[in-house]
Amino acid sequence: MAESDAGNVVMQAEESGELGELGELGEPGEEGDGFEGTEMWPDAEGIFRRQSQRKKPRVEYREMDEQLERLTDEEALSTEKFPVLEYSSESEQSEGEEEWTPSGLHGAAFSSRLSATRMSKLEKRCFSDIDRQDAKNQKAFLYIRNRILQLWLDKPKQELTCDMAVAGMEHAYKNNEALVRRVHAYLTRHGLINFGVYKVTSQVKKNPLRVLVIGAGVAGLTAARQLQSFGSEVVILEARDRVGGRIGTFRKGPYIADLGAMVVTGLGGNPISVLVKQIGMELYKIRQKCPLYESTGQQVPKNSDDMVEKEFNRLLEATTYLSHELDVNHVDGMPVSLGHALELIIKLQERQVKEKQISHCKHILALHSQLSATRKQLSETEQQIRETHTHYETARNVPEPRSFEDEFEYRCCHRDLLAHFKKFDDLIEQQEKLELQLVEAEGNGPSDVYLTAKDRQILDWHFANLEFANATPLRTLSLKHWDQDDDFEFAGNHLTVRTGYSLLPSSLSEGLDIRLNKAVKKVTYKASGGAVTTVSTTSGKSETFEADVILVTVPLGVLKESTLQFDPPLPEWKNVVIQRMGFGNLNKVVLCFDRCFWNPKVNLFGHVASTTASRGELFLFWNLYKAPVLIALLAGDAATRSETFQDHVIIERALRVLKGMYGSSNVPQVRLYCSLVYLNILVLSVYFSSHVKHW
């Protein structure tokens, strides 16, 4: 890439329209309509727009409203009986934004991540006869499919039988009972209806298939429930003493905190919306207002953060332009990371600032040079005026009548004197103009730096937030592919389960045959079935389970470390994929207090670190539960670095940060803490492993 291209990458990206360009969806029935794949999704205002090319920050900072500051010091720092923090009403939580989801048949398809007006690729394969028919028959198929989805979503607590689906059709489609039954079977088989925790009313037809599921995380539990609903005999083997995998809720007296997953990232198109209705999960919107605080306790001014956040977004858009338009994705045969690209663009911006400064200094020097030359000419002209005036006076004082020569001399001196006067006036005007230009140039010079030290600290906070969103340092993210999942994000507000996310796996585990404390050591498989060898994590006793099918749902970290043996070994292509795939690292520190000393109406507040190296250390605090509990996050390099620290070191650092933000006298001692920075040998790639202690 040429220097001229690199130096102006941000400007080129803006001029080309690559920054945040939105495309609108066609009217229903047009080719552009639909929600699957990389198509467009509706925003909160009900307008269909294409997802941005950059990953949206999980926290959008805006200055806290004045109404959130109405708590008095006595109310905020009360030491009375253990308080229960009350959330505002739903209308207050909306912050002026209304969630929009389509309704009716279109809404049913949208909630199932399908196009309401077009068959998916899988549907075209499974219903190739319909795909080859005319538009009328395809329209009938789409109506039947959308109607069955709607009937299921209206009453997800009860099985939607085939007879109920037939009965729920409009009269014009009841005659096509065969197609209704085909579509019902297809939707059931692919888990689009009759999934989750619901009442089964039909007789389950047993089949001789015996299935072993390794891992009782959400993937294993969901798969086991589906297989069991199809009549298979299913046994789940789990190494831990609980179900849930990366979902785990800390409960101690009045304190609750999710140690793993804790946020529902939108309900639009999210299958968890069905589970929410089935098991009665209490979801509450997370307010996105996130005030930032410096280590000194000063809140970052709104205009400063708005400016830096805007620049942060411009930098991300510039990386998109750098990757997708200029195709700068490899250097010397090595892939470029997002972090390297961001730092490169920052350096280029700093270089442009220096170039502007140099150009400005050259401009000022040129003005000084012109002014000096003008003043020199003024001095010379002034001398010429004096000399000419002397000659003029001499010629004028010659008594009349003058001779021809004397008259000629007189008039020439008069002419020259007027010319010198005009030149002098012009030079005076030019001097004044140059002096004015010089004053303006010296008073309106370019910025000395691209970002001030404080601006860079705020920018690093946004980078840390991006590392939190991706659960890895930016230098490990692919510049070209890091945001490839943007088009598949769920629509709607981010929500939290105030009663604990563990309700989900706990409900999914009901009615399943789960063998806890069974660490799988070896999987032997062949064409006709296989066997699994386990070791009890409590007694050390070995045990063998046989089955027709073995479904492995263990975390990627277990597969990468080869702690689980396969006989015969997995195919080479699969091992290569396992080793190439990466997983993130995010650690938490749960702090339980006897009272709330922060603003209880703020769900998020950030801490701006003083250095780039420490930007991800305790950079964000979450306040999500009724009890006075804070969850501090460690992201990026800080997440890995913190795993070498002792518990007391991390807790002391967290308290030091909070005391810097709120004052030493206002932060009480921690009653309980839960340090989540130790690697779990049963999971290896999980975000947490709880160590609950009294402080």
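See the structure shown above.
Quick caveat, the model's predicted, so the values are computed rather than measured.

**Student:** For the pattern of salt bridges, give the residues involved together with the corresponding values.
**Tutor:** Applying the stated criterion to the full structure yields 26 salt bridges. A salt bridge links Arg 415 to Asp 416, with the nearest nitrogen and oxygen atoms 3.0 Å apart. Asp 567 is the salt-bridge partner of Lys 522, the closest N and O atoms lying 4.0 Å from each other. With Lys 522 in strand β14 (residues 518–526) and Asp 567 in strand β18 (residues 565–567), the pair connects residues that are 45 residues apart, well separated along the chain. The class for Asp 567 is partly exposed, based on a relative accessible area of 35%. Here the salt bridges share partners, and the residues they tie into one network are Glu 343, Arg 456, Asp 460, Glu 467 and Arg 615.

**Student:** Outline the environment of Lys 157, supporting the account with residue identities and numerical values.
**Tutor:** Mapping Lys 157 onto the fold places it in the loop between α8 (135–154) and α9 (162–167). For Lys 157, a relative accessible area of 53% gives the class exposed. Put simply, Lys 157 and Lys 199 are 42 residues apart on the chain and 6.1 Å apart in space, counted from C-alpha to C-alpha. Excluding residues within four positions of it along the chain, Lys 157 makes contact with Tyr 198, Lys 199, Lys 277 and Gln 278.

**Student:** Kindly report on the layout of surface pockets, identifying the contributing residues and their values.
**Tutor:** As a volume, the second largest pocket reaches approximately 650 Å³. Broken down by secondary-structure element, the contributors of at least two residues to the lining of the second largest pocket are α11 (177–189) and α12 (218–229). Residue composition of the lining of the second largest pocket, grouped by class: 8 nonpolar, 12 polar and 5 charged.

**Student:** Before we move on, could you go through the sheet that holds strand β17 (residues 549–552) and cite the residues and values that matter?
**Tutor:** The sheet built from 4 strands is open, its strands ordered β13-β4-β3-β17 with parallel pairing. In this open sheet, the two edge strands, each paired with only one partner strand, are β13 (513–515) and β17. Direction aside, the axes of adjacent strands within the sheet are offset by 20 degrees on average. As paired elements, strand β3 (residues 210–214) and β17 share 4 bridges and run parallel to each other. Looking at the pairing, Ile 214 lines up with Val 552 of β17. Packing of α12 onto the sheet brings it into contact with β3, β4 (233–237), β13 and β17, and relative to β4 it is tilted by some 165 degrees.

**Student:** How would you sum up the pairing of β14? Please name residues and give values.
**Tutor:** Relative to strand β15 (residues 529–536), β14 runs antiparallel, the two being bridged by 8 bridges. From the neighbouring strand, Lys 518 faces β15, where its bridge partner is Ser 536. Between the antiparallel neighbours β14 and β15 lie 2 residues. In this structure, β14 lies alongside β18, joined through 3 bridges in parallel fashion. Looking at β18, one finds that Val 523 is bridged to Phe 566.

**Student:** Can you explain the packing of helix α14 (residues 302–325) against helix α15 (residues 338–396)? Please cite residues and give values.
**Tutor:** At a minimum axis separation of 10 Å, α14 and α15 run at an interaxial angle of 110 degrees. The angle between α14 and α15 falls in the class roughly perpendicular. Seen along the crossing, α14 lies across α15 with a hand that is right-handed. Of the residues in α15, those in contact with Glu 311, Arg 314, Leu 315, Leu 316, Ala 318, Thr 319 and Leu 322 of α14 are Leu 338, Ala 341, Leu 342, Leu 344, Ile 345, Ile 346 and Gln 349. Its residues assigned to classes, the contact of α14 with α15 comprises 10 nonpolar, 2 polar and 2 charged.

**Student:** Before we move on, could you go through the environment of Val 300 and cite the residues and values that matter?
**Tutor:** Of note, Val 300 is situated in the loop between β9 (292–293) and α14. Taking the C-alpha atoms as reference, Val 300 lies 9.4 Å from Lys 454; in sequence the two are 154 residues apart.

**Student:** So what's going on with α11? Residues and values would help.
**Tutor:** Structural remark: α-helix, 3.6 residues per turn; residues separated by three or four positions point the same way. For α11, with 13 residues, the first-to-last C-alpha span of 18 Å sits near the 18 Å given by 1.5 Å per residue. Here α11 has its buried residues at Leu 179, Val 180, Val 183, His 184, Tyr 186, Leu 187 and Thr 188. Taken together, the buried residues of α11 touch α6 (121–126), α7 (128–131), α8, α9, α10 (171–174) and α12. Directly after α11, the chain includes Gly 191, whose backbone phi takes a positive value near 70 degrees.

**Student:** Let's hear about the sheet that holds strand β7 (residues 263–265): which residues, and what values?
**Tutor:** Strand order across the open sheet formed by 3 strands is β7-β12-β8, with antiparallel pairing between neighbours. Each of the sheet's edge strands pairs with one partner strand only, and the pair in question is β7 and β8 (283–285). Going across the sheet, the axis of each strand differs from the next one's by a mean of 35 degrees, ignoring polarity. With 3 bridges joining them, β8 and strand β12 (residues 494–497) adopt antiparallel strand pairing. Note on β12: the bridge partner recorded for Tyr 284 is Thr 496.

Reading guide: rules and limits
Residues numbered from 1 in each chain as written. Predicted model: local features only at pLDDT ≥ 70, side-chain atom pairs only at ≥ 80, totals over all residues. Heavy atoms only, no water. Salt bridge = Lys/Arg side-chain N within 4 Å of Asp/Glu carboxyl O. Helix = DSSP H or I, 4+ residues; strand = E, 2+ residues; numbered from the N terminus. Buried < 20%, exposed > 50% of the residue type's maximum accessible area, 1.4 Å probe, protein only. Contact = heavy atoms within 4.5 Å. 1 Å grid on protein atoms, 1.4 Å probe; cavity = no way out; pocket = protein on both sides within 12 Å on 5 of 7 lines; lining within 4 Å. Points joined across faces, edges and corners; volume = space filled by probe spheres on them. Nonpolar A, V, L, I, M, F, W, Y, C, P; charged D, E, K, R; others polar. Pairing = 2+ DSSP bridges. Axes fitted to C-alpha atoms, helices over the stretch in contact; angles between N-to-C directions. Parallel < 35°, antiparallel > 145°, perpendicular 65-115°, else oblique. Left-handed = near helix turned anticlockwise from the far one by under 90°. Expected span 1.5 Å × (residues − 1).

Shape descriptors only; they carry no functional weight alone.
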